[in-house]
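Below, each chain spelled out in residue letters.
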Amino acid sequence: MTNQQLKKTKLEIIDRINKSDNFAVLISDPDDDAIGSGLAMEEILAQKEKSVKLYSSFDIPEYAFLPRSEKFIIQDTSTVDFGQFNNLIFLDSSDPSRTLDSISERSVRIPKKTFVINIDHHSTTTMFGNLNYVVPESTSTGELLFDIFGKEITITPSIATNLLCAIIGDTNCFKYPTYDYAHTLEIASILIKKGAKHDDIVKNAFYTNDKKVIDMNTEALKNMHYNRVGNISYTSTVVDMKKYGITTSSSRRSFHIYYEIVQSIKGIDFSVRINPLVDGLLKLSFRGRTVAVDKLAEHFDGGGHKAAAGSTIQNTPEQFLEELKNYLKSTKLEKLA
Ligand SMILES: [Mn+2]
């Protein structure tokens, strides 16, 4: 979207919210960005004295440290009657089905008369809303919420903490490349001045791991293979999260240790982690070190960002690795800036 389109859409979103009432906010399968953004959006609407319900299809006990986390209604979004709302706001969801588990075949039913606002930063987002504010160049949906509402509302300490959590999570503590950090760090500075609890976020998001998480990361690293196709070098590892009692929805925060290490390996261009799920499904997670992985994930029916992307496919690990090799032989991956 062009800057002009974004400016126009931003005003239309604010106008729609000011003139309407009765909102539901929905987030994608949960990570720091989706949850922080959801909580901030709920408070923004409450501040505007709108009636609002905030939904997550997944239980999220590890986010209890975030202010107002009790606002989440934990309910599978395929079972919610959205006819009771005038407006739905989807956050961080490239598609409405992203509010459900990636292996789910259920769908979210949106009544025709319901107005849909879609705010997201995935490069693979479909323009499914009546209003779409989609900026793939942005670090996070949290950053977009600041861009839209930052001057429009009072930034309370709780909004500040939730938005900073979104930004810190989706930038991996400002470590992912390719973003305009001059802009993002300016926002972070404002949020900290407004009372965002940086310490709490970093401690909870990055330095609070169960022993089972450490054991799983150890196995992921032990099973890691080094591969090379032409000029491209990459690591691959297969690890079964089920064995460690880790669900797909909680898995995003469970591999920080593994990623820290694979991202630091000299000469590696990207990494792929393979998790066998149920019924022959594989969950794939790509991380780019020197090359973009969004197109790679897209090739395997997924999507995401240049530095971090994922997918769920029907295949065996061996067959997938073979297909990956063939794809790399025929395609040149984009360099990360
Ligand atoms: Mn995000």
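The structure presented is a predicted model; accordingly, all values stated were derived computationally and were not measured.

1. Details of the overall build of the chain
Step number 1: Counting its secondary structure elements, the chain contains 10 helices and 12 strands.
Step number 2: Each principal axis of the C-alpha distribution contributes one length, and for the chain these read about 55 × 40 × 40 Å.

2. Notes on the domain arrangement of the chain
Step number 1: Taken as a whole, the chain is organised into domain 1 (3-206) and domain 2 (211-330).
Step number 2: Centre-to-centre, using C-alpha coordinates, domain 1 lies 26 Å away from domain 2.
Step number 3: Contacts between the two partners involve 17 residues from domain 1, matched on the other side by 17 residues from domain 2.
Step number 4: When grouped by side-chain class, the residues that make up the side of domain 1 that touches domain 2 number seven nonpolar, six polar and four charged.

3. Describing the sheet that holds strand β8 (residues 232-238)
Step number 1: Across the sheet, which stays open at both edges, the six strands sit in the order β7-β8-β9-β10-β12-β11 with mixed pairing between neighbours. Only two strands of the sheet have a single partner each, and these edge strands are β7 (225-229) and β11 (303-304).
Step number 2: Strand direction decides the pairing type here: β8 and strand β9 (residues 270-276), joined by five bridges, are parallel. Looking at the pairing, Ser236 lines up with Val272 of β9.
Step number 3: Contacting β7, β8, β9, β10 (281-288) and β12 (308-314), helix α10 (residues 317-330) crosses the sheet at an angle of about 155 degrees to β9.

4. Description of the packing of helix α3 (residues 141-149) against helix α4 (residues 157-170)
Step number 1: Look at α3 against α4: their axes get within 7 Å of each other, and the N-to-C directions meet at 135 degrees. Looking at the two axes, α3 sits oblique to α4. Residues Thr141, Gly142, Glu143, Leu145 and Phe146 of α3 lie in contact with α4, whose contacting residues are Leu163, Ala166 and Ile167.
Step number 2: Class assignment of the residues belonging to the contact of α3 with α4 gives a composition of five nonpolar, two polar and one charged.

5. Section: the sheet that holds strand β5 (residues 115-120)
Step number 1: Strand order in the open sheet formed by six strands is β3-β2-β1-β4-β5-β6, and the pairing between neighbours is parallel. Each edge of the open sheet carries a strand with a single partner, namely β3 (72-74) and β6 (131-134). On average, each strand axis in the sheet is inclined to that of its neighbour by 20 degrees, with strand direction left out of account.
Step number 2: As paired elements, β5 and β6 share four bridges and run parallel to each other. Pairing of Asp120 across the sheet is with Val134, part of β6.
Step number 3: Strands in contact with helix α1 (residues 3-19) are β5 and β6; relative to β6, the strand with the most contacts, it is inclined by about 130 degrees.
Step number 4: The strands that helix α2 (residues 32-47) touches are β1 (23-27), β2 (52-56) and β4 (87-91); relative to β1, the one it contacts most, it runs at about 170 degrees.

6. Digging into the pairing of β9
Step number 1: Within β9, six of the seven residues are buried, which leaves it mostly tucked inside the rest of the structure.
Step number 2: Note that β9 and β10 share seven bridges and pair antiparallel. Pairing of Val272 across the sheet is with Phe286, part of β10.
Step number 3: Hairpin remark: β9 followed by β10, antiparallel, with four residues in the connecting loop; positive phi at Asp279, about 55 degrees.

7. Some details on the packing of α2 against α3
Step number 1: For the pair α2 and α3, the least separation of the axes is 8 Å and the interaxial angle reads 25 degrees. Overall, the two elements α2 and α3 adopt an arrangement that is roughly parallel. For the pair α2 and α3, contact is made by Asp33, Gly36, Ser37, Ala40, Met41 and Ile44 and by Thr141, Gly142, Leu145 and Phe149, respectively.
Step number 2: Looking at the contact of α2 with α3 residue by residue, the classes come out as five nonpolar, four polar and one charged.

8. Observations concerning the pairing of β10
Consecutive side chains of a regular strand alternate in pointing toward one face of the sheet and then the other.
Step number 1: When β10 meets β12, the two strands line up antiparallel, connected through seven bridges. Of the residues in β12, the one forming a bridge with Lys283 is Thr312.

9. Looking at the environment of Ile148
Step number 1: Here Ile148 shows up in helix α3.
Step number 2: Exposure remark for Ile148: the 22 C-beta atoms within 10 Å place this residue in the buried category.
Step number 3: Sequence separation of Ile148 and Lys7 is 141 residues, and the distance between their C-alpha atoms is 8.8 Å.
Step number 4: If we ignore the near neighbours within four places in the chain, the residues touching Ile148 are Lys10, Ile13 and Tyr133.

10. Concerning the nonpolar core
Step number 1: Counting residues in hydrophobic clusters, the biggest one holds 49 residues, and the most contacted among them are Val25, Met41, Ile89, Leu91, Leu145, Leu163 and Leu164.
Step number 2: Per-element accounting of this core gives the leading share, eight residues, to α4.
Step number 3: If sequence neighbours within four positions are ignored, Met41 has contacts with Val25, Ile89, Leu91 and Leu145.
Step number 4: One finds Phe286, Val291, Ala297 and Leu324 within the second-largest nonpolar core, a separate group that totals 16 residues.

11. Regarding unusual backbone geometry
Step number 1: Phi at Asn22 takes a positive value of approximately 75 degrees, unusual for a residue other than glycine.
Step number 2: Examined against the element boundaries, Asn22 turns out to sit in the loop between α1 and β1.
Step number 3: Positive phi outside glycine occurs at Asp279, with the angle close to 55 degrees.
Step number 4: Examined against the element boundaries, Asp279 turns out to sit in the loop between β9 and β10.

Reading the values: rules and limits
- Residues numbered from 1 in each chain as written.
- Predicted model: local features only at pLDDT ≥ 70, side-chain atom pairs only at ≥ 80, totals over all residues.
- Helix = DSSP H or I, 4+ residues; strand = E, 2+ residues; numbered from the N terminus.
- Domains from an automatic or database assignment.
- Contact = placed C-beta atoms within 7 Å.
- Nonpolar A, V, L, I, M, F, W, Y, C, P; charged D, E, K, R; others polar.
- Pairing = 2+ DSSP bridges.
- Axes fitted to C-alpha atoms, helices over the stretch in contact; angles between N-to-C directions.
- Parallel < 35°, antiparallel > 145°, perpendicular 65-115°, else oblique.
- Buried ≥ 20, exposed ≤ 12 C-beta atoms within 10 Å, placed from the backbone.
- Core = buried A, V, L, I, M, F, W, Y, C linked by C-beta atoms within 7 Å.

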